[in-house]
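Next come the chains, spelled out residue by residue.
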Amino acid sequence: MQGFQVVVPEIIFHDSRNKLENHFSKEITQQYFWQTIFSSIDEANSLFAELEIPKKDSILLGVSMGGFIANGIYANNPEIAGLININGSGSFLLSEIIFREIDSRPPLSSEEIEKMISYDPMTKTKAISPMLLMHGEEDTIVSIKGQEDYYAFLTGGTVAEDVEFLKYEHINHTVSKEMTEDLIRWLEENFKR
C-alpha cells in the first residue's frame, strides 16, 4: 500500500483463533469486545519480536475494534512511528460507559474500572509521533465522543501539529472514499517513501 509493507495480524476469536459464531450479536460483543482488545494489546510486543519488525518503523492502523487495539498498543509503545485510528477510540473508559448507557447495562464495578484504566490510553504518556484520528459523525456503533475525548487529552485544548482529527459528516460506522483519500494524503505528508 503506497510503498508500505502491510501486516494484518489475526486476533483472538476471529478466523482460526477460536472464531465466534456471530461477532455482532449484542451478547457476544459485550462478553468478548474488551477481552479481545486487551489480549491483542498484550500480544503486540511478541508479534513485533517474532516478525522482527522495528517499532520505530511501524505505523499502526485500526478500524473500529482495531482502532481501539491500535491505540492501546501505540499508547504503550511511544517509539512507534505513528497511529491511525478510524472509528475507534483512545478513551477506553468513556467508551465503555457510553456502550453501557446505550445497552442499559449496569455501571462498571470498581474492579472493572481498575482493569479498564490499566489499558486506557488516556492514562498513558502522550507519544510524540504523528497521529491521525478519523471518525464518522453519525457513527451509531462507536460513539465519536471517545475520539473527541482522546483528542482533547492529546492536545490539551490547543492545536497540536502531530495530531490530526478528521470528522466526517453523514458517515456512520464505515470507511468512506474521502476517508481513504485523507489517510493516503496523511501518510504521504508524514511518511514520505
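Further up the page is the structure itself.
Everything numeric in this text was worked out from a predicted model, so none of it was measured.

Trainee: It is not clear to me how the pairing of strand β2 (residues 82–86) should be interpreted in this structure. Could you clarify?
Mentor: Regular strands place side chains that alternate from one sheet face to the opposite one. With five of its five residues buried, β2 lies for the most part within the structure. Neither face of β2 is exposed, since Gly82, Ile84 and Ile86 on one face and Leu83 and Asn85 on the opposite face are all buried. On the question of chirality, the crossover connecting strand β1 (residues 59–63) to the parallel β2 by way of helix α2 (residues 65–76) is right-handed. In this structure, β2 lies alongside strand β3 (residues 131–136), joined through four bridges in parallel fashion.

Trainee: Even after reading the chapter, I still don't get the sheet that holds β2, so can you show me in this structure?
Mentor: Sheets are built from strands paired through backbone hydrogen bonds, the pairs being either parallel or antiparallel. Taking strand neighbours across the sheet as the criterion, the four strands line up as β1-β2-β3-β4 in an open arrangement whose pairing is parallel. With partners counted over all chains shown, the strands left at the sheet margins are β1 and β4 (163–168), one partner each. This sheet shows a mean twist of 5° between the axes of neighbouring strands, independent of strand direction. Each of β1, β2 and β3 is contacted by α2, which is oriented at about 150° to β1, the strand it contacts most.

Trainee: Can you help me understand empty space enclosed by the protein in this one?
Mentor: A water-sized probe, rolled over the atoms, reveals where empty space remains. In the structure shown here, the tally under the stated rule is one cavity of 30 Å³ or more. When its volume is computed, the largest cavity comes out at roughly 40 Å³. As for the largest cavity, its lining consists of Tyr74, Ala75, Pro121, Lys124, Thr125, Lys126, Ala127, Tyr150, Phe153 and Leu154. Elements with a minimum of two residues in the lining of the largest cavity: α2 and α5 (144–155). Counting residues per element, the lining of the largest cavity draws most heavily on α5, which supplies three residues. Tallied by class, the residues present in the lining of the largest cavity amount to seven nonpolar, one polar and two charged.

What counts and what doesn't
- Residues numbered from 1 in each chain as written.
- Predicted model: local features only at pLDDT ≥ 70, side-chain atom pairs only at ≥ 80, totals over all residues.
- Heavy atoms only, no water.
- Buried < 20%, exposed > 50% of the residue type's maximum accessible area, 1.4 Å probe, protein only.
- Helix = DSSP H or I, 4+ residues; strand = E, 2+ residues; numbered from the N terminus.
- Right-handed = clockwise from strand over helix to strand, strands pointing away.
- Pairing = 2+ DSSP bridges.
- Axes fitted to C-alpha atoms, helices over the stretch in contact; angles between N-to-C directions.
- Contact = heavy atoms within 4.5 Å.
- 1 Å grid on protein atoms, 1.4 Å probe; cavity = no way out; pocket = protein on both sides within 12 Å on 5 of 7 lines; lining within 4 Å.
- Points joined across faces, edges and corners; volume = space filled by probe spheres on them.
- Nonpolar A, V, L, I, M, F, W, Y, C, P; charged D, E, K, R; others polar.

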